[in-house]
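Listed here are the chains, written in short residue letters.
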Amino acid sequence: MSAATPVWDPVQYLRHAGHRTRPFTDLLARVPEPPGRRPRIADLGCGAGNVTALLAERWPAAHITGYDNSPEMLDRARAEHEGVGLGFAEADARTWTPDEPHGLIVSNATLQWVPGHADRFAGWIAGLAPGGTFAFQVPGNFDAPSHVLMRELAGSARWRDRLSGVLRHQEAVLPPETYLEHLTALGCTTDAWETTYVHLLQGEDPVLDWVKGTGLRPVLTALADDPEARDAFVTEYRAALRSAYPAGPHGTPFPFRRVFAVAVKEA
Ligand SMILES: C[S@@+](CC[C@H](N)C(=O)[O-])C[C@H]1O[C@@H](n2cnc3c(N)ncnc32)[C@H](O)[C@@H]1O
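This is a predicted model, so every value here is computed, not measured.

Asker: Even after reading the chapter, I still don't get the sheet that holds strand β6 (residues 188-201), so can you show me in this structure?
Answerer: Across a sheet, paired strands are connected by hydrogen bonds in the backbone, their directions being either parallel or antiparallel. Strand order in the open sheet formed by seven strands is β3-β2-β1-β4-β5-β7-β6, and the pairing between neighbours is mixed. The open sheet has two free edges, formed respectively by β3 (86-90) and β6, since each of these has just one partner strand. Here the strands of the sheet are splayed against their neighbours by 15° on average, with no regard to which way each runs. The pairing of strand β1 (residues 40-44) with strand β2 (residues 63-68) spans five bridges and is classified as parallel. Bridging across to β2, Ile41 finds its partner in Ile64. On the sheet, helix α8 (residues 176-185) packs against β5 (128-139), β6 and β7 (252-265) and is oriented at approximately 155° with respect to β6.

The structure is reproduced here in structure tokens:
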């Protein structure tokens with residue numbers, strides 16, 4: 001079992017779609033017009049396709065493809081969002097390269113699942129049309145209590161034999177200044193930044209509910225064949241999260257750091 005091969009659950013993932021879409025719209029606000037009348041646009045790690053559909057709304061004349069390596073996510077994306085100028089295809093971001101010049105390559109909340117992703121940048125920038133853009137957002141919260149507690153529990157005596165190596169660490173993503181260096185060295189005019197959102201979540205155990213859609217997927221996948229063990233892990237983890245993220249009078253504040261970069265190739 002590797003951290004890069006969790007089984008995804010689009011229904012669980014979309015339960016917090018409102019909060020999760022905000023960083024994408026903030027990213028998109030910094031993306032310039034892709035060059036050409038009918039630019040090609042790729043969304044790497046498109047998931048359930050809901051943010052890919054926002055690309056189609058903004059650039060209705062574009063030819064847009066959402067790529068993902070999860071059959072579950074692609075099924076949902078096709079069922080909900082496939083249409084004129086907007087399609088979905090299976091591809092692995094570890095090996096995908098553009099087959100023709102793209103006006104925009106975008107990736108939202110995905111590259112943290114792609115070890116060594118900065119090594120892929122050169123191929124993606126080479127695949128941009130002159131004046132094209134590569135834009136992405138990754139979570140930068142691997143040292144937040146939600147992830148530290150998950151790793152601590154997975155590494156405890158009870159779980160370490162079954163969960164060793166399953167979870168990702170802080171090095172899954174780079175600081176914004178390192179992304180800026182990489183992309184500038186590839187000849188792009190680059191804007192890189194970070195933001196900590198404070199999502200105000202509702203309901204019981206909302207942080208657990210959130211990570212069940214993403215960060216906890218590798219654990220849920222590793223223990224999928226043993227529901228009793230999976231439930232025991234979730235019960236212990238839930239208790240730790242309740243102390244780390246107490247509910248307030250208006251909901252449960254959930255600080256979440258994210259890292260962004262927008263790199264524009266010379267026209
Ligand atoms: C957190 S979801 C984000 C989905 C979508 N971009 C969004 O913002 O809603 C991460 C997505 O990355 C996909 N993914 C992870 N590793 C991948 C890889 N190596 N190649 C392609 N997709 C990958 C997963 O299948 C999942 O759909």
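Asker: Sorry if this is basic, but what is going on with the packing of aromatic side chains here?
Answerer: In this description, an aromatic ring pair is defined by two values, namely the gap between the centres and the angle between the planes. Applying the stated criterion to the full structure yields 16 aromatic pairs. Ring geometry for Phe121 versus Trp124: centroids 6.2 Å apart, planes at 40°, classification tilted. Here Phe121 and its partner Trp124 are both found in helix α5 (residues 121-126), three residues apart, which amounts to about one turn of the helix. Like Phe121, the residue Trp124 is buried in the burial classification. Among the aromatic side chains, those forming a connected cluster through ring pairs are Phe121, Trp124, Phe134, Phe136 and Tyr179. The side chain of Arg20 reaches across the aromatic face of Trp210, ending 4.4 Å from its centre. In this structure, Arg258 packs its charged tip against the face of Phe256, placed 3.9 Å from the ring centre.

Asker: How should I be thinking about empty space enclosed by the protein in this particular structure?
Answerer: In this approach, a probe sized like a water molecule rolls over the atoms, and the result shows the empty space that is left. Considering all chains together, one arrives at one cavity of 30 Å³ or more under this definition. Within this model, the largest cavity holds a volume of roughly 40 Å³. Forming the boundary of the largest cavity are Phe142, His147, Met150, Arg151, Leu167, Arg168 and Gly215. Of the residues contributing to the lining of the largest cavity, the split by class is three nonpolar, two polar and two charged.

Asker: Got a minute to help me understand the layout of surface pockets in this structure?
Answerer: The computed volume of the largest pocket comes to approximately 670 Å³. Lining the largest pocket are 42 residues, and of these Trp8, Ala109, Thr110, Gln112 and Trp113 sit closest to its centre. Tallied by class, residues from the lining of the largest pocket come to 21 nonpolar, 14 polar and seven charged.

Asker: Looking at this structure, how should I read the site of the ligand?
Answerer: In the neighbourhood of the ligand, 21 residues make up the surrounding shell, with Gly45, Asp68, Asp92, Ala93 and Asn108 lying closest. Between a nitrogen atom of the ligand and a side-chain N or O atom of Asn69, the distance comes to 3.4 Å. Here the ligand has 590 Å² of accessible area as a free molecule, and 98% of this is covered by the chains. With respect to the detected pockets, the ligand is housed in the largest pocket. For the shell around the ligand, the class distribution of residues is 10 nonpolar, eight polar and three charged.

Asker: How should unusual backbone geometry be read in this particular structure?
Answerer: Working note: non-glycine residues mostly have negative phi, and peptide bonds are mostly trans. Positive phi is not limited to glycine here, since Ala109 has a value of about 55°. The topology assignment puts Ala109 in the loop between β4 (102-108) and α5. Of note in the backbone geometry, Asp205 takes a positive phi value of approximately 50° without being a glycine. Relative to the elements of secondary structure, Asp205 occurs in the loop between β6 and α9 (206-212).

The rules behind each value
Residues numbered from 1 in each chain as written. Predicted model: local features only at pLDDT ≥ 70, side-chain atom pairs only at ≥ 80, totals over all residues. Heavy atoms only, no water. Pairing = 2+ DSSP bridges. Helix = DSSP H or I, 4+ residues; strand = E, 2+ residues; numbered from the N terminus. Axes fitted to C-alpha atoms, helices over the stretch in contact; angles between N-to-C directions. Contact = heavy atoms within 4.5 Å. Phe/Tyr/Trp six-rings, centres within 6.5 Å; stacked < 30°, edge-to-face > 60°. Buried < 20%, exposed > 50% of the residue type's maximum accessible area, 1.4 Å probe, protein only. Lys NZ or Arg CZ within 6 Å of the ring centre and 35° of its normal. 1 Å grid on protein atoms, 1.4 Å probe; cavity = no way out; pocket = protein on both sides within 12 Å on 5 of 7 lines; lining within 4 Å. Points joined across faces, edges and corners; volume = space filled by probe spheres on them. Nonpolar A, V, L, I, M, F, W, Y, C, P; charged D, E, K, R; others polar. Near = heavy atom within 4 Å. Polar contact = N/O pair within 3.5 Å; in protein donor to acceptor, adjacent residues only side chain to side chain. Areas by Shrake-Rupley, 256 points an atom, 1.4 Å probe, with all protein chains shown as cover. Sits in = over half its atoms within 2 Å of the grid points.

No statement about biological role is implied by the geometric values presented.
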